[in-house]
Amino acid sequence: MTDQAYNFAYLDEATKRMIRRALLKGIAVPGYQVPFASREMPMPYGWGTGGVQVTAACLTPEDTLKVIDQGADDTTNAVSIRKFFERTGGVKTTTHTAEASLIQTRHRIPEEPLRADQILVYQVPIPEPLRFLEPRESETRKMHSLEEYGLMHVKLYEDIARHGEISTAYAYPVKVEGRYVMDPSPIPKFDNPKLGGSPAIQLFGAGREQRIYALPPFTQVVSLDFEDHPFMASKADHDCDLCGCSTSYLDEVITDDRGGRMFVCSDTDFCEARRAQGHRGRLSPEEAV
Amino acid sequence: MKDLGNTALLQVAGLSKYYGTRIGCEAVSFDLWPGEVLGIVGESGSGKSTLLSCLAGHLTPDQGRVLYNGRDTVTMSEAERRVLGRTDWAFVHQNARDGLRMGVSAGGNVGERLMAVGARNYGAIRGSAIDWLGRVEIDADRIDDRPRQFSGGMQQRLQIARNLVTGPRLVFMDEPTGGLDVSVQARLLDLLRGLVRDMGLSVILVTHDLAVARLLADRLMVMQAGRVIEQGLTDQVLDDPQAPYTQLLVSSVLQV
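What you are looking at is a predicted structure, and each value in this text was computed from that prediction instead of being measured.

The rules behind each value
Residues numbered from 1 in each chain as written. Chains lettered and ligands numbered in written order. Predicted model: local features only at pLDDT ≥ 70, side-chain atom pairs only at ≥ 80, totals over all residues. Heavy atoms only, no water. Pairing = 2+ DSSP bridges. Helix = DSSP H or I, 4+ residues; strand = E, 2+ residues; numbered from the N terminus. Contact = heavy atoms within 4.5 Å. Axes fitted to C-alpha atoms, helices over the stretch in contact; angles between N-to-C directions. Salt bridge = Lys/Arg side-chain N within 4 Å of Asp/Glu carboxyl O. Buried < 20%, exposed > 50% of the residue type's maximum accessible area, 1.4 Å probe, protein only. Parallel < 35°, antiparallel > 145°, perpendicular 65-115°, else oblique. Left-handed = near helix turned anticlockwise from the far one by under 90°. Nonpolar A, V, L, I, M, F, W, Y, C, P; charged D, E, K, R; others polar. Buried area = accessible area lost by both parts, 1.4 Å probe. Polar contact = N/O pair within 3.5 Å; in protein donor to acceptor, adjacent residues only side chain to side chain. 1 Å grid on protein atoms, 1.4 Å probe; cavity = no way out; pocket = protein on both sides within 12 Å on 5 of 7 lines; lining within 4 Å. Points joined across faces, edges and corners; volume = space filled by probe spheres on them. pLDDT = per-residue confidence, 0-100.

Draft legend 1. The sheet that holds strand β9 (residues 211-215) of chain A, seen in detail. Residues and elements named next belong to chain A. Spatially, β1-β9-β8-β5-β4-β2-β3 is the arrangement adopted by the 7 strands of the open sheet, whose pairing is mixed. Two strands in the sheet have a free side with no partner beyond their single neighbour: β1 (34-35) and β3 (92-93). Where strand β5 (residues 119-123) and strand β8 (residues 201-206) come together, 5 bridges link them in parallel fashion. Each residue of the ladder has a partner; that of Y122, found in β8, is F204. The sheet strands contacting helix α1 (residues 13-28) are β1, β8 and β9, and the helix crosses β9 at an angle near 45°.

So this is what it looks like as structure tokens:
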């Protein structure tokens, strides 16, 4: 079903090679932002142009692709990227984490632990963790090269001073292998502990900002914190209303205009799998008898 | 190990900086001793600020040597120079906005240098921020306010606290009282004088205000057109100026 007008997975081979070189460099220097010549993609910036290029460079015809957006397989972004690679690469796609060999994600890490034969590709809007504190790119590069990361803690200090706790809830900065401070893309800090020691390769692509970085398998990743205000992976204090899971990351859904709300797993595949196994939550429909 | 009491903290020899064919500063040499305050005076464009920037490592001089504690700061790596810049050195800008992070609270501003050298205990950082705000006469309940809510004099005092929190040995000051009204200036000078004495700081103070120089500086260097034309003890230079330009400078001060 491949659209013959395009090379396999849309990008030409020279571009893929350029991206792979950047990826290899990223893998070799974990957490370091490698510049790459990002291409125009047939989708707007902010829709995952970086992630799509990384996916295209890694994809083989034998791969099975899964795309998630905020944990869900059925949102516009996820559906359109999946279709894009079905059409230009003819690859198999899936919504099941366990069946996928390559997963492109926006804002989540799947609940199900990843394996060594899987690649996780993140879409990154702003790769520079220091950007909002230091607007000059020349200066932030220098700070990375000289390991001057005191400023990152100033941000966390401001959080505590203003809110009594570290209120940064997503894109929570991490230190990779004791060297580079990295923005893990806007995943909730609940997912931060899954970044470190993962058997899967994790690749990060920022299309507009033209940066690629990576975490090789079993990399040490530490979330920044203070001795007296340690990092805490937080989630809504509820169980999933559909599958009853108490340990997964939850989305809050407003159900009416009278304050009605429900909490559901943000990872739709994980939630469906649990429901198929017979788990039930507070708002699960009654079994038809 | 050198005996620091008998060695100059900063040794400057033949320092020159050119902007194209124009002279920034030329052939400046002096020694600064521990605990000494050196004033550099002169009119606008005389090369005071260029000299200060070269000494603090913000500009690279074209000729000459700057030895800090025996280490050459011109040839050392940028990494080492930046480490010096946030541990042993401090730089007080004329305009507090240049030296402060305006979007970060007063406490964060004071704490930044501590965190830059590895402090990771929130309580301790906040403790020293409160302590330092007290020392520069800012109320502790302003700790979470941002500098833009502060008056000009408070911003300048905050900048000083932020610079001194890591206990530097050498402070560069570029017109620290510029743009403040006279009564605020007087309080700031009082504060600076106390801090310099208590902490045994060495200071290089650039100013065009001879009154500031008289109050703070032990020794004075007068600059004109990029060159040092006269130097000596402050009282000596101001009360018995030798160079014609210095005589003009001293006599231009309004007597109230």
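Draft legend 2. Quick look at the pattern of salt bridges. All names here are of chain A. Throughout the structure, instances matching the rule amount to 35 salt bridges over all chains. The closest approach of N and O atoms between K194 and E111, which form a salt bridge, is 3.8 Å. You can see K194 sitting in helix α6 (residues 192-195) and its partner E111 sitting in the loop between β4 (102-106) and β5, a full 83 residues away along the chain. Exposure remark for K194: the relative accessible area of 24% places this residue in the partly exposed category.

Draft legend 3. Spotlight on the packing of helix α2 (residues 49-58) of chain A against helix α3 (residues 76-89) of chain A. Residue and element names in this part refer to chain A. Contact geometry of α2 with α3 gives a least axis separation of 12 Å together with a crossing angle of 30°. Viewed along their axes, α2 and α3 adopt a mutual orientation that is roughly parallel. Here the hand of the crossing between α2 and α3 comes out right-handed. Between α2 and α3, the residues in contact are V52, T55 and A56 and I81, F84 and F85, respectively. Grouping the constituent residues of the contact of α2 with α3 by class yields 5 nonpolar, 1 polar and no charged.

Draft legend 4. The arrangement of the interface of chain A and chain B in detail. Taken residue by residue, the interface counts 21 residues in chain A and 22 residues in chain B. Of the roughly 1800 Å² buried between chain A and chain B, counting both surfaces, carbon and sulfur atoms make up 53%. Per-residue buried area on chain A facing chain B is highest for E148, V154 and Y157 of chain A; these three make up 28% of the total on that side. Applying the counting criterion to the chain A and chain B interface returns 4 salt bridges. Note that K142 of chain A and E78 of chain B form a salt bridge whose closest N and O atoms lie 3.3 Å from each other. Across the contact surface, chain A and chain B share 12 residue pairs in polar contact (both at pLDDT 80 or more). Of all the elements in the fold, those that place two or more residues in the side of chain A that touches chain B are α4 (137-145) and α5 (150-163) of chain A.

Draft legend 5. Fine view of the environment of V34 of chain A. Residues and elements named next belong to chain A. Here V34 lies in strand β1. Judged by its relative accessible area of 4%, V34 is buried. Note: C-alpha distance between V34 and K235 (201 residues apart in sequence) is 32 Å. The residues touching V34, leaving out its near neighbours within four places in the chain, are A22, K25, G26, Q210, R211 and I212.

Draft legend 6. Looking closely at the pairing of strand β2 (residues 22-32) of chain B. Of the strand pairs in this sheet, strand β1 (residues 10-19) of chain B and β2 of chain B are connected by 7 bridges, and their pairing is antiparallel. The partner of Y19 of chain B across the bridge, within β2 of chain B, is R22 of chain B.

Draft legend 7. Just empty space enclosed by the protein, in detail. Residues and elements named next belong to chain B. The final tally for this structure, using the stated rule, is 2 cavities of 30 Å³ or more. Space inside the largest cavity adds up to approximately 40 Å³. Lining the largest cavity, in full, are E137, R157, V184, R187 and L188. In terms of residues, the lining of the largest cavity owes the most to one element, helix α7 (residues 182-199), which gives 3 residues.

Draft legend 8. Seen up close, the packing of α5 of chain A against helix α4 (residues 106-116) of chain B. Interhelical geometry of α5 of chain A versus α4 of chain B gives an angle of 140° and a closest axis separation of 8 Å. It follows from the interaxial angle that α5 of chain A and α4 of chain B lie oblique. Both α5 of chain A and α4 of chain B take part in a crossing whose hand is right-handed. Here G150, L151, H153, V154, Y157 and E158 of chain A of α5 of chain A come into contact with α4 of chain B, specifically with G107, G108, E112, M115 and A116 of chain B.

Draft legend 9. Main features of the confidence of the model for chain B. All names here are of chain B. Overall, the prediction assigns chain B a mean pLDDT of 91, with 97% of residues at 70 or greater. Between the elements of chain B, mean pLDDT differs from a low of 88, seen in α7, to a high of 95, seen in strand β3 (residues 37-41). The ipTM, which scores confidence in the relative placement of chains, is 0.85 for this predicted complex, and the corresponding pTM is 0.87.

Draft legend 10. Up close: the side chain of H144 of chain A. By the element assignment, H144 of chain A lies in helix α4. With residues near it in sequence (within four places) discarded, H144 of chain A still touches Q33, E128, P129, L130, Y149, R179, Y180 and V181 of chain A.

Draft legend 11. Just unusual backbone geometry, in detail. Of note, the phi angle at Y10 of chain A is positive, near 70°, even though the residue is not glycine. Of note, Y10 of chain A is situated in the segment before α1. Using a relative accessible area of 23% as the deciding quantity, one classes Y10 of chain A as partly exposed. In the Ramachandran plot, E175 of chain B falls in the positive-phi region, its phi being about 45° despite a non-glycine side chain. Position of E175 of chain B relative to the elements: it lies in the loop between β7 (170-174) and α7. On the accessibility criterion, E175 of chain B (9% relative accessible area) is buried.

Draft legend 12. Up close: the layout of surface pockets. Size it by volume and the largest pocket reaches roughly 1300 Å³. Lining the largest pocket are 44 residues, with E139 and E148 of chain A together with H58, R82 and G85 of chain B positioned closest to its centre. Those elements giving two or more residues to the lining of the largest pocket turn out to be α4 and α5 of chain A together with α1 (48-56), α2 (78-86), β6 (89-92), α3 (96-99), α4 and α6 (152-164) of chain B. Looking at the lining of the largest pocket, the element that brings in the most residues is α2 of chain B, giving 5 residues. Taken as a whole, the second largest pocket holds about 600 Å³ of empty space. As for the second largest pocket, its lining consists of 26 residues, of which F132, K155, T168, Y170 and A171 of chain A are closest to the centre. Considering only residue class, the lining of the second largest pocket consists of 14 nonpolar, 5 polar and 7 charged.

Draft legend 13. Inspection of α4 of chain B at higher detail. In terms of burial, α4 of chain B is largely enclosed, as 10 of its 11 residues are buried. Within α4 of chain B, burial applies to A106, G107, G108, N109, V110, G111, E112, R113, L114 and M115 of chain B. As for α4 of chain B, its buried residues are in contact with α5 of chain A together with α2, β6, α5 (122-135) and α6 of chain B. Positive phi shows up at G118 of chain B, right after α4 of chain B, with a value of about 110°.

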